Amino acid sequence: MLPNKHIKKLRPYKAVPHKAWDIGNTDGVLKLDWNEATVLPSPKVRKDLESFLSSGRLNWYPNIRNKTLIGKIADYSQVSAKHVQYFAGSDDLHEYIIGAFTEPGDGAIIVSPTYDNFRASAESKGVRVNYHNLTKSFNFQPTRLISQIKEAKSKLVYICNPNNPTGTIVETDEIENLISHCPDTLFVIDEAYYEFAKKSVAGMAVKNENVIVSRTFSKAFALAGFRIGYAITSAENIEHIDKIRNPKNVTTLSQIAAIAALDDVPYMEAYVGEVLLAKKLVCKTLSKAGYKITSEGGNFILLKMGSATKRKFIDRLLNRNIFVRDYGHVQGMEEYIRVTIGTREQMKPFVEEALDFSHD
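1. What about the sheet that holds strand 4 (residues 128-133)?
The strand order 2-8-7-6-5-3-4 describes an open sheet built from 7 strands, whose pairing is mixed. Looking along the sheet, the strands with just one partner apiece sit at the ends: strand 2 (84-87) and strand 4. When the angles between neighbouring strand axes are averaged without regard to direction, this sheet yields 20 degrees. Sitting on the sheet, helix 4 (residues 90-101) is in contact with strand 2, strand 5 (156-160), strand 6 (186-190), strand 7 (211-216) and strand 8 (229-232), with an inclination near 160 degrees to strand 7.

Here it is as structure tokens:
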């Protein structure tokens, strides 16, 4: 069976193998390569899951319209429930957005370098993807982007904010300027790292038809293994997406976990605060040791070093079961490593190895 013509020529999203999973005993493993939370979710998550597993209806399909979950997401996001829908992760939402709002041949612009799965999903549907490349210092240029959009008559623009992997933050007034100048273009604002920067355009998304905010429970809420995220947008956009959304795709356990996590927001906020403290400390320590660091938004930093030096450093970390993300496969980022930031205590082995390496 032959794939469609778009799949035949598609460059797949390059996911890094989960090598950490191949280690039998994960004690002492420091997984800093996928920007997951480095701690377990709120104890309430486990408690509620155990309660359901002992007495719940595992033989039933998941709740296809979980009003409790939608209400809690809405309250947390400070919007009305009619402006919210949940999905099996942000990736799932992104695919539905592309399916609902684009046609083969439509143009899209992606602010780059960034999370690449959106590009793969768009191209698989026949969408023509172009890029708004950040500067060499990873700065955003809104005026140039507006010109690109109008020149190409782009149907869709994807902005990760804060951006993964550069940490670049696009200010809310800059996004407001974009959406007002390009009313016929749909802006997908990926706020996966919202909790670490506290800058959002959720308010704009409910008032403007051409804005959809996507968020996830994978990062700050520590629910990456449950694959659950959500959209904030106009009620009309929710209605369009719901026409093709499979309502059974979000598992019962994922829904329970998300509700429990939202019932314990202080736990999440304490973890975020600890990560931000650790990030500041790591940057200060490594900068003094001569490392070139890029650090803005998100629960991660970038280290820049020569290709040969970078390979030796990564191998040294692997010998201690410390996993980081090599960006050698991304044009313009060949010299960069992305490091997820955990707690101050968790980051000690990484910092020790980095300091020892700088002295070698």
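What follows continues from the structure just given.
2. Re the nonpolar core
A general feature of soluble globular proteins is that nonpolar side chains tend to end up buried together. Counting residues in each nonpolar core, the largest one holds 89 residues, and the members touching the most others are Phe-313 and Phe-350. Sort the elements by how many residues they give to this core and helix 12 (residues 265-288) lands first, with 9 residues. Setting aside anything within four residues of it in sequence, one finds Phe-350 in contact with Leu-30, Leu-32, Val-282, Leu-286, Leu-303, Phe-313, Leu-317, Ile-322, Val-324 and Val-339. Among the nonpolar cores identified, the runner-up in size contains 21 residues, and Val-129, Cys-160, Leu-186 and Val-188 belong to it.

3. Some points on the pairing of strand 13 (residues 336-340)
Look at any regular strand and the pattern is simple: side chains alternate between the two faces of the sheet. Of all 5 residues making up strand 13, 5 are buried, and the element is well covered by its neighbours. The side-chain alternation of strand 13 yields two buried faces, one formed by Tyr-336, Arg-338 and Thr-340 and the other by Ile-337 and Val-339. Bridge analysis of strand 10 (residues 300-304) against strand 13 gives 5 bridges, and the strand direction is antiparallel. What sits directly across from Phe-300, in strand 13, is Thr-340. Pairing of strand 12 (residues 325-326) with strand 13, which is carried by 2 bridges, proceeds in the antiparallel orientation. Across the sheet, the residue bridging to Asp-326 is Ile-337, located in strand 13.

4. Considering the packing of helix 4 against helix 10 (residues 235-242)
Direction vectors running N to C along helix 4 and helix 10 enclose 95 degrees, while the axes themselves pass 9 Å from each other. Classified by the interaxial angle, the pair formed by helix 4 and helix 10 is roughly perpendicular. In this structure, helix 4 contributes Leu-93, Tyr-96, Ile-97, Ala-100 and Phe-101 to the contact, and helix 10 contributes Asn-237, His-240 and Ile-241. Across the contact of helix 4 with helix 10, the residue classes break down as 6 nonpolar, 2 polar and no charged.

5. Topic: the sheet that holds strand 12
Sheets are built from strands that pair by backbone hydrogen bonding, the pairs being arranged parallel or antiparallel. The sheet built from 4 strands is open, its strands ordered 9-10-13-12 with antiparallel pairing. Each having just a single partner strand, strand 9 (292-294) and strand 12 make up the two edges of the open sheet. This element, helix 13 (residues 307-318), spans strand 10, strand 12 and strand 13 of the sheet and lies at about 30 degrees to strand 13.

6. Quick word on the pattern of salt bridges
Taken as a whole, this structure holds 22 salt bridges when the rule is applied. Put simply, Asp-326 and Lys-310 hold a salt bridge, and the shortest N to O gap is 2.6 Å. Residue Asp-326 is found in strand 12, and its partner Lys-310 is found in helix 13; the two are separated by 16 residues along the sequence. Note on Lys-310: relative accessible area 5%, which makes it buried.

7. Comments concerning empty space enclosed by the protein
The tally for this structure, following the rule as stated, stands at 1 cavity of 30 Å³ or more. By volume, the largest cavity is sized at about 40 Å³. Every residue along the wall of the largest cavity is listed here: Pro-41, Ser-42, Phe-221, Ala-261, Asp-264, Tyr-267 and Met-268. Class assignment of the residues belonging to the lining of the largest cavity gives a composition of 5 nonpolar, 1 polar and 1 charged.

8. A look at the pairing of strand 7
In terms of residue burial, strand 7 counts as a mostly covered element, since 6 of its 6 residues are buried. With burial as the criterion, each face of strand 7 is covered, one bearing Val-211, Val-213 and Arg-215 and the other bearing Ile-212, Ser-214 and Thr-216. Relative to strand 7, strand 6 runs parallel, the two being bridged by 4 bridges. Looking at strand 7, one finds that Asp-190 is bridged to Ser-214.

9. Quick notes on the environment of Lys-198
Examined against the element boundaries, Lys-198 turns out to sit in the loop between helix 8 (194-197) and helix 9 (202-207). On the accessibility criterion, Lys-198 (45% relative accessible area) is partly exposed. Here the alpha-carbon distance between Lys-198 and Ala-74, two residues 124 residues apart in the chain, equals 16 Å.

What counts as what
Residues numbered from 1 in each chain as written. Predicted model: local features only at pLDDT ≥ 70, side-chain atom pairs only at ≥ 80, totals over all residues. Heavy atoms only, no water. Pairing = 2+ DSSP bridges. Helix = DSSP H or I, 4+ residues; strand = E, 2+ residues; numbered from the N terminus. Axes fitted to C-alpha atoms, helices over the stretch in contact; angles between N-to-C directions. Contact = heavy atoms within 4.5 Å. Core = buried A, V, L, I, M, F, W, Y, C linked by side-chain atoms within 4.5 Å. Buried < 20%, exposed > 50% of the residue type's maximum accessible area, 1.4 Å probe, protein only. Parallel < 35°, antiparallel > 145°, perpendicular 65-115°, else oblique. Nonpolar A, V, L, I, M, F, W, Y, C, P; charged D, E, K, R; others polar. Salt bridge = Lys/Arg side-chain N within 4 Å of Asp/Glu carboxyl O. 1 Å grid on protein atoms, 1.4 Å probe; cavity = no way out; pocket = protein on both sides within 12 Å on 5 of 7 lines; lining within 4 Å. Points joined across faces, edges and corners; volume = space filled by probe spheres on them.

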